[in-house]
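Coordinate inspection notes
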Amino acid sequence: MFRISGFFDEAASKLDAQLALMNELNVRYLCPRGIDGKNIADYTPESFSGSVRPRLAAAGASLSSIGSPIGKISLGDEAAYQAQLKKLSALRDIAGSSGCRYIRIFSFYMKPGFDEDAAFPQVIEKLRGFLNVIRGRDIILLHENEKKIFGDTPDRVMRLFNALDNPQFALCYDASNYLQIGADPWDAYMLTRDATAYYHMKDCQDGFEVPLGEGQGRIKDILADLLVRGFDGFLTLEPHTVKYALMRRPLRILPFVSPGIARACRDTDKRHGVTFANRVTRADVFRWQHENLVNILSEVGGTFE
């Protein structure tokens, strides 16, 4: 069973608007990242219980994962690391009291040209520090492959996974992020799929996010293979809606500023029947993403909720 979720803060900053769009799309699961203009890592268990959980319950919404920024700090910033340990402790309690098993993390920003072997022991030590925070809880840390962090390439992602060898550490796969560092998304999927528990649904064309299945991310092939493998888990929409919504018009006027992005915007306009005069909102782009995902799942024969 595929379970559709989403970063609904990409469509609206206010939680009530996010929940309204979830209801419109008949989506039950939310990956909280920005809530009422505030990052999820800035909530305490008490403030989350007081201002967020009652509205989730009233809307019948559940959490698929916590879209945290944990690990999005420079590797050598010890003060930031200690602060993030405290934030992760709060997120652990928020997740546990919300019936959510997953917290998304990263493996630290690296300086250009860093020495992988020299950095590796420190990355592992700090990731183990994160794992110590959730030890004994029914929670799994999901490492997302993000640009400019240690675990951005498929090989380094697997190096982390194999070295940690911990049932509370798994991978979150993002095809677009792999494309944006020049990695083949299918090869990355094949290398990491046995270690991956969670998928972000994001596609891109020539390094720019486009609606799902309309880029180079091999999304349909990946979902077809997951179906054959009996995947039972979350597909979380992460369309980065603001880029296209804000840039499509300026780049149609000044395409020479960024020819590749301008081409991706023009192609998206054409596929969705959008003219220059049309206004496209972030919520519109999110609707396209959801529609495309549902259509792809239907094409490969997958059941979903």
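Everything quoted here is computed from the prediction, not taken from an experiment.

Scoring rules and cut-offs
Residues numbered from 1 in each chain as written. Predicted model: local features only at pLDDT ≥ 70, side-chain atom pairs only at ≥ 80, totals over all residues. Heavy atoms only, no water. Helix = DSSP H or I, 4+ residues; strand = E, 2+ residues; numbered from the N terminus. Buried < 20%, exposed > 50% of the residue type's maximum accessible area, 1.4 Å probe, protein only. Lys, Arg positive; Asp, Glu negative; His and termini not counted. Charge placed at Lys NZ, Arg CZ, Asp CG, Glu CD. Polar contact = N/O pair within 3.5 Å; in protein donor to acceptor, adjacent residues only side chain to side chain. Contact = heavy atoms within 4.5 Å. 1 Å grid on protein atoms, 1.4 Å probe; cavity = no way out; pocket = protein on both sides within 12 Å on 5 of 7 lines; lining within 4 Å. Points joined across faces, edges and corners; volume = space filled by probe spheres on them.

With that out of the way, let us pick up the overall build of the protein chain. Tallying secondary structure elements over the protein chain gives 12 helices and 12 strands in all. Taking the principal axes of its C-alpha atoms as reference, the protein chain extends roughly 50 × 50 × 40 Å. Within the span of the protein chain, comprising 305 residues, buried residues form 53% of the whole. Seen as two clouds, the 38 positive and the 38 negative side-chain charges of the protein chain have centres 4 Å apart.

Not every positive phi belongs to a glycine, and asparagine 26 is a case in point at roughly 60°. Take asparagine 26: it is sitting in the loop between α1 (15-25) and β2 (29-30). Of note, the phi angle at arginine 218 is positive, near 55°, even though the residue is not glycine. Turning to its location among the elements, arginine 218 is positioned in the loop between β11 (208-210) and α9 (219-228).

Once that is clear, we can look at the side chain of glutamate 144. One can find glutamate 144 in strand β7 (residues 140-144). For glutamate 144, a relative accessible area of 1% puts it in the buried group. A polar contact is formed between the side chain of glutamate 144 and the side chain of arginine 104, at a distance of 2.5 Å. Leave out the neighbours within four places in its chain, and glutamate 144 touches Arg104, Ile105, Phe106, Ile149, Gly151, Cys172, Asp174, Asn177, His200 and Glu238.

Quick look at empty space enclosed by the protein now. In total, this model carries one cavity of 30 Å³ or more according to the counting rule given. A volume near 50 Å³ is recorded for the largest cavity. Taken together, Glu209, Val210, Pro211, Pro239, His240, Thr241, Tyr244, Val285 and Gln289 form the lining of the largest cavity. Secondary-structure elements contributing two or more residues to the lining of the largest cavity are β11, α10 (241-253) and α12 (282-300).

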